[in-house]
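Descriptive structure summary
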Amino acid sequence: MRTSEPSLPTSPPWSTPPPELSTQVDLHDVQGVLLHGYRHMGELTLLFLRIDDADGCRRWLRELTSDGTLTQADRTEHPSDSTRDKTRVNVALSHAGLVALEVQEDVLDSFPHELREGMALRAREHLRDVEENDPDRWTLGGTRHEGALHVLLLLYASDAANMEPLLREHRERAQRHGLREVFAQRGQRRAREGDPPGYFRDHFGFLDGVSQPRLEGLDGSPAYPRDYDRPVKRGEFLLGHANEYGEWPLSPHVAEHLPGASALPLVPGLPGRRDLGHNGTFLVLRKLEQDVPAFESFLDEQASLAPEGSPEERREWVASKLVGRKRDGAPLAAPRRHRLLRRLLPFLFQKDGTPARASGTGRPQPDNDFLYARDDPHGYGCPITAHTRRCNPRDALPPSPHVSSDVTRRHRLLRRGFNYEDPEGKGLLFIALNAHVGRQFELVQRSWVHFEQLGGIEGVEDPLAGDGGGRLVIPAEPVRQCATSLRKFVTTRGGGYFFLPSLKALSFLGMKERAADDGRGVPRS
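As the structure is a computational prediction, the values presented were derived from the model and not from experiment. (Residues numbered from 1 in each chain as written. Predicted model: local features only at pLDDT ≥ 70, side-chain atom pairs only at ≥ 80, totals over all residues. Heavy atoms only, no water.)

Let us now look at the nonpolar core. In this structure, Trp60, Leu276, Phe295 and Leu509 are the most contacted members of the largest nonpolar core, which totals 75 residues. Membership of the second largest hydrophobic core comes to 31 residues, among which are Ala92, Val232, Ile431 and Leu433. (Core = buried A, V, L, I, M, F, W, Y, C linked by side-chain atoms within 4.5 Å. Buried < 20%, exposed > 50% of the residue type's maximum accessible area, 1.4 Å probe, protein only.)

So, in C-alpha cells, the structure goes:
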C-alpha cells in the first residue's frame, strides 16, 4: 500500500549548478542512438511491448544490460564485415511502462510532467494535433492505445537480411520474460546515387537530417557537415549535464538507500537522492504520413511562380521554397563565403548559385555553414516562413541575431528519423532526442511550426508540415510572390514520449530487490 507523504522536490533548488564532477561523458553508460544515430543502418523495427510480468521484465532488463546486447555510445560507427557490427539495439520506457514495472511512486513523481501525461493527452493543446491529426484517430499510441505502449525496443540492422533474425530473436526473448508484443513498426533508409554517405531522402525526395546539432565535447565525428555555430551544451540532450542556461535539466531521481542506487551519481542539492536520469534522455516519436501525390500536384499547379527555367526546374524551385532547401540538401540562403567567391570567381558556380563540382563526383556533405539574418535577411533565398527556417531560425528571430542564436540553441533536437511504408500509407518515423520535451520538441511544434505570423506576415503556418489552407509568401524584387491554398501534406498517425535511460539506470530498474519497498522503506502490500 502506498502511503501519503509530502512530495519531494522535483528539481534541485538552484539556478546555477555546481561545477560538473567530470568534463568527460562515460560513453559506456550512454545508449548509442543518442550519440550516433546509426547512419549506415538501412532497416529499423520499433517493437512496442506491454509488461505483463514485472519480475520477468526486470530479468529481461538485467540480461540486456549484462550480456552486451544494448549498443553503447562508445562503439565505433563504421560499417564492417562482422555480423555484430550489422545490428544495433536500444531500449526506452514510457511512463505507463515505468508504472507497470512497479517503479516507486516518489520516483515516478520526479519525472517531467510531459512524460507523466503522455503525448496523446498533450497533443491537442501543446502540439496542435487537431482534426485529421487528432490523437483519437492515431493507429500508433493515441487516446486508445498509448497506455499499452510500455516498452520501446529499437532494433537496427544494415539490411533486411540482418533484420529478420534480429527481430525473431528479440520477439522470442521478450515473450519468455513476460513482455507481450503490441505493435511492430518497420522503417527503412535508402541511399540515392550521388548523395553524401550516411544520408537518406524522405518520400518527398528531400535529404533528411542535414542540420544536426553537435554536442559540446562530443563533436569530433567527421560525418557531419561544417556547422554554422559552436557545439551545443550537452545538457540540452543528456540529463545530468549543464545545459545552455547553465542549469541542470530536470532529471528523475531515486532514494539512495535502495539496492543498486549507489551505482548512480548523487543529485547535487537533494541529499539522499541518486540521479536515475544521468546520461539518459527523453525520446519523442511521431508517425507522420506524407501525401506525396498532393505534394507533387501542388508543385505542378504553382510552377508558374518560378521566374524562369524549364517546367521541371520551375517545379523544383517551388519545392525548395516550401522546404527551405533543395531536394539534395543545398541551402537557399547562400553562405557568405560562397557570395564572396562567386563575386571573385563566378565560373566556379552554377546558374542557381551553388558551387559547381567535377563531373562524375558526388556531393560531399550538404552545406550547413550559413545564417539567415546575416546571409539572407529578407528571405530572397529561403523564405522567412519556409519549413527549415521555421524549425531552426538560427540568427533570424527578433530582437537581434545574437539573442536569436542563444534562443535557437535552447530549442534544438537530435533527429534520428527513418522512412516507413506500410498498408496504411507511407511517411516519416520522426524520432527526436531532447532533455526537455516541453522546451524543445513541444515549443518547436507549437510555437514555430504552427505559428501563423512571422516577419509581419499573417496566415502563414508551416507550408510543409502545417494544417493546410494557408499561404507561402516568397519575397522577391520588385514584387513578392504568394502560393495560396496550401494543401495538407503531412498527417500525424501516432506517437509517444519515452525515457531512454543510461545503462546504469537500466541496470537499477532491473534490480530484483528494488521493488521490495516503495522507495521510503515502506513495504508494498
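From this point, the narrative continues.
Okay, the pairing of strand E10 (residues 418-422) next. Examined bridge by bridge, E10 and strand E11 (residues 425-434) share 5 bridges and lie antiparallel to one another. Its bridge partner lying in E11, Tyr420 is registered against Gly427. What sits between E10 and E11 in their antiparallel hairpin is a turn of 2 residues. (Pairing = 2+ DSSP bridges. Helix = DSSP H or I, 4+ residues; strand = E, 2+ residues; numbered from the N terminus.)

This part takes up helix H14 (residues 401-409). Among all positions of H14, only Ser404, Thr408 and Arg409 are buried. Relative to the axis of H14, the buried residues are bounded by an arc of 130° and lie together on one face. Looking at the buried side of H14, the elements it contacts are helix H15 (438-449). (Arc of directions from axis to C-beta. Contact = heavy atoms within 4.5 Å.)

This part takes up the packing of helix H6 (residues 119-127) against H15. Packing of H6 against H15 brings their axes to within 10 Å, and their N-to-C directions diverge by 40°. As summarised for this structure, H6 and H15 are arranged oblique, according to the angle between their axes. In this structure, H6 contributes Met119, Arg122, Glu125, His126 and Leu127 to the contact, and H15 contributes Phe441, Glu442, Gln445 and Arg446. Its residues placed into classes, the contact of H6 with H15 shows 3 nonpolar, 2 polar and 4 charged. (Axes fitted to C-alpha atoms, helices over the stretch in contact; angles between N-to-C directions. Parallel < 35°, antiparallel > 145°, perpendicular 65-115°, else oblique. Nonpolar A, V, L, I, M, F, W, Y, C, P; charged D, E, K, R; others polar.)

On to the environment of Glu131. Within the element layout of this structure, Glu131 appears in the loop between H6 and strand E3 (140-141). Sequence separation of Glu131 and Asp467 is 336 residues, and the distance between their C-alpha atoms is 9.1 Å.

Attention now moves to unusual backbone geometry. Looking along the chain, the bond that leaves Pro398 and enters Pro399 is cis, with omega of 10°. Checked against the element boundaries, Pro399 lands in the loop between helix H13 (387-391) and H14. Residue Pro478 is bonded to the preceding Glu477 through a cis peptide linkage, with omega at 5°. Among the secondary structure elements, Pro478 is positioned in the loop between strand E14 (472-474) and strand E15 (481-483). Although it is not a glycine, Glu102 adopts a positive phi angle of roughly 65°. Tracing the backbone through its elements, the reader meets Glu102 in the loop between helix H3 (95-100) and helix H4 (105-109). Of the residues examined, Glu102 reaches a relative accessible area of 32% and is grouped as partly exposed.

Our next topic: the pattern of salt bridges. Tallied over the full model, the rule gives 36 salt bridges. Lys287 serves as the salt-bridge partner of Glu424, at 3.6 Å between the closest nitrogen and oxygen. In this pair, Glu424 is assigned in the loop between E10 and E11 and Lys287 in strand E8 (residues 281-290), connecting sequence segments 137 residues apart. Residue Lys287 is classed as buried on the basis of its relative accessible area of 1%. Of the charged contacts in the structure, one is a salt bridge between Arg315 and Glu312, with a shortest N-O distance of 3.6 Å. Placement of both Arg315 and Glu312 in helix H10 (residues 311-323) is noted, with a separation of 3 residues, approximately one turn of the helix. (Salt bridge = Lys/Arg side-chain N within 4 Å of Asp/Glu carboxyl O.)

Evaluation of the coordinates by the stated rule reveals 13 aromatic pairs. For the pair Phe48 and Phe183, a centre-to-centre distance of 6.3 Å together with 55° between the ring planes defines the contact as tilted. Residue Phe48 is found in strand E1 (residues 43-51), and its partner Phe183 is found in strand E5 (residues 179-188); the two are separated by 135 residues along the sequence. Judged by its relative accessible area of 23%, Phe183 is partly exposed. For the ring pair Tyr156 and Phe418, a centre distance of 5.9 Å and an interplane angle of 55° mean the geometry is tilted. With a gap of 262 residues between them, Tyr156 in strand E4 (residues 151-157) and Phe418 in strand E10 connect regions that are remote in the sequence. Here Tyr156 falls in the buried class, since its relative accessible area comes to 0%. Three or more aromatic residues link up through ring pairs in this structure, and these residues are Phe204, Phe206, Phe295, Phe298 and Phe489. Looking at Arg39, its charged tip hangs above the ring of Tyr199, at a distance of 4.2 Å from the centre. The positively charged end of Lys287 is found above the aromatic ring belonging to Tyr420, 4.9 Å away from the centroid. (Phe/Tyr/Trp six-rings, centres within 6.5 Å; stacked < 30°, edge-to-face > 60°. Lys NZ or Arg CZ within 6 Å of the ring centre and 35° of its normal.)

For helix H9 (residues 292-302), every residue scored as buried is listed here: Val292, Ala294, Phe295, Phe298, Leu299 and Gln302. Taken down its axis, H9 places every buried residue within 165° of arc, on the same side. Buried residues along H9 sit in contact with E8, H10, E11 and E15. Where H9 starts, the residue carrying a side-chain oxygen 3.2 Å from the main-chain nitrogen of Ala294 turns out to be Asp291. (Polar contact = N/O pair within 3.5 Å; in protein donor to acceptor, adjacent residues only side chain to side chain.)

Okay, the side chain of Arg327 next. Tracing the backbone through its elements, the reader meets Arg327 in the loop between H10 and helix H11 (336-344). By relative accessible area, which is 13% here, Arg327 ends up buried. Looking at Arg327, its side chain comes within polar contact range of the main-chain oxygen of Phe204, at 2.6 Å. Polar side-chain contacts of Arg327 include one of 2.8 Å to the side chain of Glu316.

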